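Survey of secondary and tertiary structure
In case you want the letters, here they are:
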Amino acid sequence: MCGIVAYIGKEQAFPIILKGLKRLEYRGYDSAGIALINQDQLNVFKKAGKVSNLEEFMLHQDHNGTSGIGHTRWATHGAPTDTNAHPHVSMDGSIALIHNGIIENYNALKQELIRQGYLFKSETDTEVLVHLVDFISKKENVWFGEALRLALLNVVGAYAIVAISKNFPGQMVAARKSSPLVVGIGENGDFYLASDATPIVEYTKRVVYLEDEEIAVIKLGEELKIYNISDQEKTPYIQQLELELEALEKGGYDHFMLKEIHEQPRSIHDCFRGRLNSSEGWVSLGGLKEYEQKMIQAKRLVIVACGTSWHAGLVGEYLIEELARINVEVEYASEFRYRNPIISEEDVVIAISQSGETADTLAALELAKSKGATILGICNVVGSSISRITDAGSYTHAGPEIGVASTKAFTAQVTILSLLALSLAHKKGTISESEFRILIAELEAIPEKVQRVLENNADIEKIALEFKDVTNALYLGRGSLFPVALEGALKLKEISYIHAEGYPAAEMKHGPIALIDENMPIFVIATQGNSYEKVVSNIQEVKARKGKIIAIVTEGDEHLKEIADYHIEIPKSHEFFVPILATIPFQLISYHIAVMRGCNVDQPRNLAKSVTVE
Ligand code: M6R
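Residues numbered from 1 in each chain as written. Predicted model: local features only at pLDDT ≥ 70, side-chain atom pairs only at ≥ 80, totals over all residues. Heavy atoms only, no water.

We now examine the pairing of strand β25 (residues 521-525). Of all 5 residues in β25, 5 are buried, a share of seventy percent or more. Going residue by residue along β25, you find Pro 521, Phe 523 and Ile 525 tucked away on one face and Ile 522 and Val 524 tucked away on the opposite face as well. Sheet analysis places strand β23 (residues 472-477) next to β25, joined by 3 bridges and oriented parallel. If you follow Leu 476 over to β25, its bridge partner there is Val 524. When β25 meets strand β26 (residues 548-554), the two strands line up parallel, connected through 5 bridges. Note that in β26 the partner of Val 524 across the bridge is Ala 551. Taking the sense of rotation as the criterion, the β-α-β connection linking β25, helix α19 (residues 532-544) and β26 turns out right-handed. (Buried < 20%, exposed > 50% of the residue type's maximum accessible area, 1.4 Å probe, protein only. Helix = DSSP H or I, 4+ residues; strand = E, 2+ residues; numbered from the N terminus. Pairing = 2+ DSSP bridges. Right-handed = clockwise from strand over helix to strand, strands pointing away.)

Taken together, 14 residues sit near the ligand, with Ser 309, Ser 353, Ser 355, Thr 358 and Glu 494 positioned nearest. Within the side chain of Ser 353, one N or O atom sits 2.6 Å away from an oxygen atom of the ligand. Residue Thr 358 places a side-chain N or O atom 2.4 Å away from an oxygen atom belonging to the ligand. Coverage of the ligand by the protein chains reaches 91% of its 410 Å² of free accessible surface. Counting residues per element, the ones that place at least two in the shell around the ligand are α10 (307-324) and α18 (482-496). Residue contributions to the shell around the ligand peak at 3 residues, all from α10. Across the shell around the ligand, the residue classes break down as 4 nonpolar, 8 polar and 2 charged. (Near = heavy atom within 4 Å. Polar contact = N/O pair within 3.5 Å; in protein donor to acceptor, adjacent residues only side chain to side chain. Areas by Shrake-Rupley, 256 points an atom, 1.4 Å probe, with all protein chains shown as cover. Nonpolar A, V, L, I, M, F, W, Y, C, P; charged D, E, K, R; others polar.)

This next bit is on helix α1 (residues 13-24). The periodicity of an α-helix, 3.6 residues per turn, causes residues three or four positions apart to be oriented the same way. If you check α1, its first and last C-alpha atoms are 16 Å apart, about what 12 residues at 1.5 Å a residue would give, namely 16 Å. Summarising burial for α1: 9 of the 12 residues are buried, a large majority. Inspection of α1 places Ala 13, Phe 14, Ile 16, Ile 17, Leu 18, Gly 20, Leu 21, Arg 23 and Leu 24 among the buried residues, and these make up the whole buried set. Turning to α1, the residues buried within the fold contact β1 (3-8), β2 (31-38), α2 (51-58), β4 (67-73) and β10 (191-194). (Expected span 1.5 Å × (residues − 1). Contact = heavy atoms within 4.5 Å.)

Both the distance between ring centres and the angle between the ring planes are used here to describe each pair of aromatic rings. Applying the stated criterion across every chain yields a total of 13 aromatic pairs. Taking 5.7 Å as the distance between ring centres and 40° as the angle between the ring planes, the aromatic pair formed by Phe 144 and Phe 168 counts as tilted. Of the two residues, Phe 144 sits in helix α5 (residues 144-152) while Phe 168 sits in the loop between β7 (157-165) and β8 (171-177), which places them 24 residues apart along the sequence. Accessibility expressed as a relative area gives 2% for Phe 144, which makes it buried. Of the residues examined, Phe 168 reaches a relative accessible area of 28% and is grouped as partly exposed. Residues Tyr 475 and Phe 523 carry aromatic rings whose centres are separated by 4.6 Å and whose planes lie at 15° to one another, so their mutual orientation is stacked. Of this pair, Tyr 475 sits in strand β23 while Phe 523 sits in strand β25, and the two are 48 residues apart along the sequence. Over the ring of Phe 120 we find Lys 110; its NZ or CZ atom is 5.0 Å from the centre of that ring. Its guanidinium or amino end placed over the ring of Tyr 497, Arg 605 lies 3.8 Å from that ring's centre, counting from NZ or CZ. (Phe/Tyr/Trp six-rings, centres within 6.5 Å; stacked < 30°, edge-to-face > 60°. Lys NZ or Arg CZ within 6 Å of the ring centre and 35° of its normal.)

Looking now at the sheet that holds strand β20 (residues 347-353). Spatially, the 5 strands line up as an open sheet ordered β19-β18-β20-β21-β22, and their pairing is parallel. Edge positions in the open sheet fall to β19 (328-332) and β22 (392-395), since each of these has one partner strand only. Averaged over neighbouring strand pairs, the angle between their axes works out to 20° when direction is ignored. Bridging between strand β21 (residues 374-379) and β22 involves 4 bridges; their strand directions are parallel. Each bridged residue has a counterpart across the sheet, and for Leu 376 the counterpart in β22 is Ala 392. On the sheet, α10 packs against β18 (300-305), β19 and β20 and is oriented at approximately 170° with respect to β19. (Axes fitted to C-alpha atoms, helices over the stretch in contact; angles between N-to-C directions.)

Time to look at the pairing of strand β11 (residues 206-209). Here 3 bridges tie strand β9 (residues 182-185) to β11, and the two strands are oriented antiparallel to one another. Within β11, the position partnered with Gly 184 by the bridge is Val 207. By the bridge criterion, 2 bridges tie β11 to strand β15 (residues 239-240) in an arrangement that is antiparallel. Bridge pairing links Arg 206 to Gln 240 in β15.

On to the sheet that holds β10, then. In space, the 8 strands of this open sheet follow the order β3-β2-β4-β1-β10-β9-β11-β15, with antiparallel pairing throughout. Taken across any chain shown, the strands that pair with only one partner, and hence form the sheet edges, are β3 (41-48) and β15. Across 7 bridges, β2 lies against β4 in antiparallel orientation. Paired with Leu 36 across the two strands is Gly 68, which belongs to β4. The strands touched by α1 within the sheet are β1, β2, β4 and β10, with β1 carrying the most contacts at an inclination of about 160°.

It is worth spelling out the packing of α10 against helix α14 (residues 408-428) at this point. Taken N-terminus to C-terminus, the directions of α10 and α14 make an angle of 20°; their axes are 9 Å apart at the nearest point. As far as their axial angle goes, α14 and α10 are roughly parallel. The chirality of how α10 crosses α14 is right-handed. Every residue of α14 that contacts α10 at Thr 308, Ser 309, His 311, Ala 312, Gly 313, Val 315, Gly 316, Leu 319, Ile 320, Leu 323 and Ala 324 is listed here: Phe 410, Gln 413, Val 414, Leu 417, Ser 418, Leu 420, Ala 421, Leu 422, Leu 424, Ala 425 and Lys 428. Taken together, the residues that form the contact of α10 with α14 break down as 14 nonpolar, 7 polar and 1 charged. (Parallel < 35°, antiparallel > 145°, perpendicular 65-115°, else oblique. Left-handed = near helix turned anticlockwise from the far one by under 90°.)

Among the residues of α2, those classed as buried are Val 51, Leu 54 and Met 58. Mapping the buried residues of α2 onto a view down its axis gives an arc of 60°, with all of them on the same face. In the core, the buried residues of α2 are packed alongside α1, β2, β3 and β4. (Arc of directions from axis to C-beta.)

When the parts of a complex come together, some accessible area is lost, and that lost area is often taken as the interface size. Partitioning the chain into domains gives domain 1 (3-247), domain 2 (251-444) and domain 3 (455-601). Using only C-alpha atoms to locate each centre, domain 1 and domain 3 end up separated by 45 Å. (Domains from an automatic or database assignment.)

Let us now look at unusual backbone geometry. Backbone torsion omega between His 86 and Pro 87 reads 0°, so that peptide bond is classified as cis. Summarising the element assignment, Pro 87 is placed in the loop between β4 and β5 (88-89). Its identity is not glycine, yet Gln 39 carries a phi of approximately 55°, on the positive side. Looking at the element boundaries, Gln 39 is found in the loop between β2 and β3. A positive phi is found at Asn 340, a non-glycine position, where the angle reads about 45°. If you trace the backbone, Asn 340 turns up in the loop between α11 (333-336) and β20.

Now the structure itself:
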């Protein structure tokens, strides 16, 4: 949450920072601000609302300067106003600072600073940082970089920080703990800093991901220096970015979400690359291979995740238990971390996270590690915090997901979990060689089937038109399709603000059926498989109460086409892989309804892409 970006070098900083803020806007869009150093002046510009508000405001401002910092905010402490926007500035106007994270002991620090005569303008936790840096630099007579290091010794919480001072125009200092921060090293001695690599990739591919409690000291004309919080120098580990610029553009689509939905045949295929070969009959998740025996022998696998990733975990539970006969539990990371879970060395804890930065998921992993469990990760963002703290893991390779509503990351997560379930089952011998071969061939055919579902887009849009004005919706599924119902409901709520709930189809009789009348749409996954007859009965129960059925059916199912008010066909596939196919129509329905309702699809209200605060 919150995006930070900074530049120091020979170019004009403003256009670089503005472009970077636009790339990071998915991390929060409550306000935006920039501070620029122009010779001996520190100029700060802040506006509530989206980056475009700031951009418009800047049209009439002097935005010269070759060093600067920028921030796009997801509000935690204090309303989204101009004053609460970052950067925050010291009372004497010399130091400006941006921050992503939460300073937990900000109130105690604030009271002490007030006693020292500091006046606070904003309601944010961040403002204490800039005053504290200023206070320490004056008290200890040290430059602002050293003052920041000393200040952080007194800070409890999570942070990614970048600070500049007009008294040291060629210098910039940055630090991180539990919030991500990347430093890009340019060709011409320029430096770029950002919450993720997306604002940097256009300028350089040489990056350093800061580790927790590391401080980066940048002085123009010198090499990047990294120190730990105890002031010991560390050697920067320079990595080469694999990200391509085109992946960050809309590529002709109206929204990132639509582009990402349409990318799924490719992203699922990329997820297979080098990991599955149906003609030779093997599946291999390189990153997790070393730990497969441990998983097979584990007392249980515990999957921790949030939101959509948690839904993927539920599908994974079904697949791993069914195929590999290993006990799996799926936990909300936020609940797991606070309930003293019984975890030992015999457990394997797997975090699923698109961003790899979700605060609760990270904390759940840290807790599991402290109890001796093996910790593994399934992440999309390369180099993210979760991918770095885990013992091993597998990247989903879905490519950057910019739309706040997760789409291609979900199907890629389910794909990895399918590969994992198959690999474990094969090694453990819980499925026969012939079953294994059939299943990997079925899985390999999924990208092409996803493409066929996407070809129904126009029909799905017509269905969306019928339901765009509803206030409530129910989603029903059974077995591994129940999490798909949950995911369908989440997609609808988060981008179109329609209240929606997902239920196991059989649970309907235990309460939700009371909601059904002629105005209630019920989206049911009724594909052919084990529970087909039972789901058809559930549909009849809804029909008897005049609910409107929108059924996802297997291609050619004439029976259900007659019963349902609306239907969407998906290609026939093995039951294990239907969750991937059945998700696509729900993504498209939500997308079209949100567009028809005039909602901001890519940046829904109150949300942020990476939830880096608890
Ligand atoms: O980056 P993560 O996968 O850890 O994020 C978890 C959730 O915050 C995320 O899936 C969220 O629910 C999305 N907005 C869903 O579309």
